[in-house]
Amino acid sequence: TPARTLVLVKPDGVARGLVGEVISRLEAKGLRLVAVELRTLSRETAEEHYAEHREKPFFGSLVEFITGGPLVALVAEGPRAVEAFRALAGATDPVKAAPGTIRGDFALEVQNNIVHGSDSDESAAREIALFFPHLG
Ligand code: CMP
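Quantities reported herein were computed from a predicted structural model and do not represent experimental measurements.

**What to know about the overall build of the protein chain**
Counting secondary structure elements, the protein chain contains 7 helices and 4 strands. Relative to the globule expectation of 14 Å for 136 residues, the C-alpha radius of gyration of the protein chain, 14 Å, shows essentially globular dimensions. Projected onto the principal axes, the alpha-carbon positions of the protein chain cover approximately 35 × 35 × 25 Å. Scored against the burial criterion, the 136 residues of the protein chain give a buried share of 45%. Considering only residue pairs separated by 6 or more positions, the protein chain has 74% of its internal contacts joining residues 24 or more positions apart. Within the protein chain, one finds 15 positive and 19 negative side-chain charges whose respective centroids are separated by 3 Å.

And the structure:
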């Protein structure tokens, strides 16, 4: 079966009206939508999603940000989906992200960087099970 990745259009991306732009780009690339949902994360879900960052100095701020408004969670499928979406997203720090990438084109701050994409197939499996248990 083709690989899958979890993508979040974060609250900053939803507030700025960039949901369609992100979905257009990943569909144009050839990734296929498997699930899409607008939702506001609970603190518990946010902390579980970002568990690997629990000890980071920005963790508290990150949880406030990601729970601060509705986001769009989606699952995209296709060959090397994790790597393919990360290439579309660009570097985590939007100032370093290449123009032509989502972060490179639309963001300036490392926290408010419009999108999240799973960073490995293992993370994708964990994150997809968290957001869309019926796909597990
Ligand atoms: P994401 O790819 O979702 O993974 C972790 C998130 O933490 C990242 O995008 C940013 O939103 C945020 N982040 C990463 N590094 C920093 C940082 N140095 N300061 C603030 N937020 C960060």
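**Let's talk about the sheet that holds strand β3 (residues 71-78)**
Read across the open sheet, the 4 strands follow the order β2-β3-β1-β4; overall the sheet is antiparallel. One side of each edge strand has no neighbouring strand; the edge strands of this open sheet are β2 (32-39) and β4 (115-117). For this sheet, the mean inter-axis angle between neighbouring strands, taken without regard to orientation, is 15 degrees. As paired elements, strand β1 (residues 3-9) and β3 share 7 bridges and run antiparallel to each other.

**Digging into the site of the ligand**
The ligand sits among Lys10, Tyr50, His53, Phe58, Leu62, Arg103, Val110, Gln111, Asn113 and His116. In the model, an oxygen atom of the ligand is placed 3.3 Å from a nitrogen or oxygen of the Arg103 side chain. At a separation of 3.2 Å, an oxygen atom of the ligand approaches a polar side-chain atom of Asn113. Burial of the ligand by the protein amounts to 78% of the accessible area it has alone, namely 450 Å². Looking at the shell around the ligand residue by residue, the class counts come to 4 nonpolar, 4 polar and 2 charged.

**A word on the side chain of Asp12**
Mapped onto the elements, Asp12 comes out in helix α1 (residues 11-15). Although Asp12 is buried, it makes no salt bridge; Arg16 carries the closest opposite charge, 5.3 Å away. Here the side chain of Asp12 touches Ile114 through a polar contact of 3.1 Å, landing on its backbone nitrogen. With near-sequence residues (within four places) excluded, Asp12 lies in contact with Phe65, Asn112, Asn113 and Ile114.

**Things to note about helix α2 (residues 19-29)**
Residue pairs three or four apart in sequence face the same way in an α-helix, which turns once every 3.6 residues. Taken together, the buried positions of α2 are Val22, Ile23 and Leu26. All buried residues of α2 lie within an arc of 95 degrees about the axis, which places them on one face of the element. Residues of α2 that are buried make contact with β1, β2, β3, α5 (81-89), α6 (102-106) and β4.

Scoring rules and cut-offs
- Residues numbered from 1 in each chain as written.
- Predicted model: local features only at pLDDT ≥ 70, side-chain atom pairs only at ≥ 80, totals over all residues.
- Heavy atoms only, no water.
- Helix = DSSP H or I, 4+ residues; strand = E, 2+ residues; numbered from the N terminus.
- Rg over C-alpha atoms; globule rule 2.2 N^0.38 Å.
- Buried < 20%, exposed > 50% of the residue type's maximum accessible area, 1.4 Å probe, protein only.
- Contact = heavy atoms within 4.5 Å.
- Lys, Arg positive; Asp, Glu negative; His and termini not counted.
- Charge placed at Lys NZ, Arg CZ, Asp CG, Glu CD.
- Pairing = 2+ DSSP bridges.
- Axes fitted to C-alpha atoms, helices over the stretch in contact; angles between N-to-C directions.
- Near = heavy atom within 4 Å.
- Polar contact = N/O pair within 3.5 Å; in protein donor to acceptor, adjacent residues only side chain to side chain.
- Areas by Shrake-Rupley, 256 points an atom, 1.4 Å probe, with all protein chains shown as cover.
- Nonpolar A, V, L, I, M, F, W, Y, C, P; charged D, E, K, R; others polar.
- Salt bridge = Lys/Arg side-chain N within 4 Å of Asp/Glu carboxyl O.
- Arc of directions from axis to C-beta.

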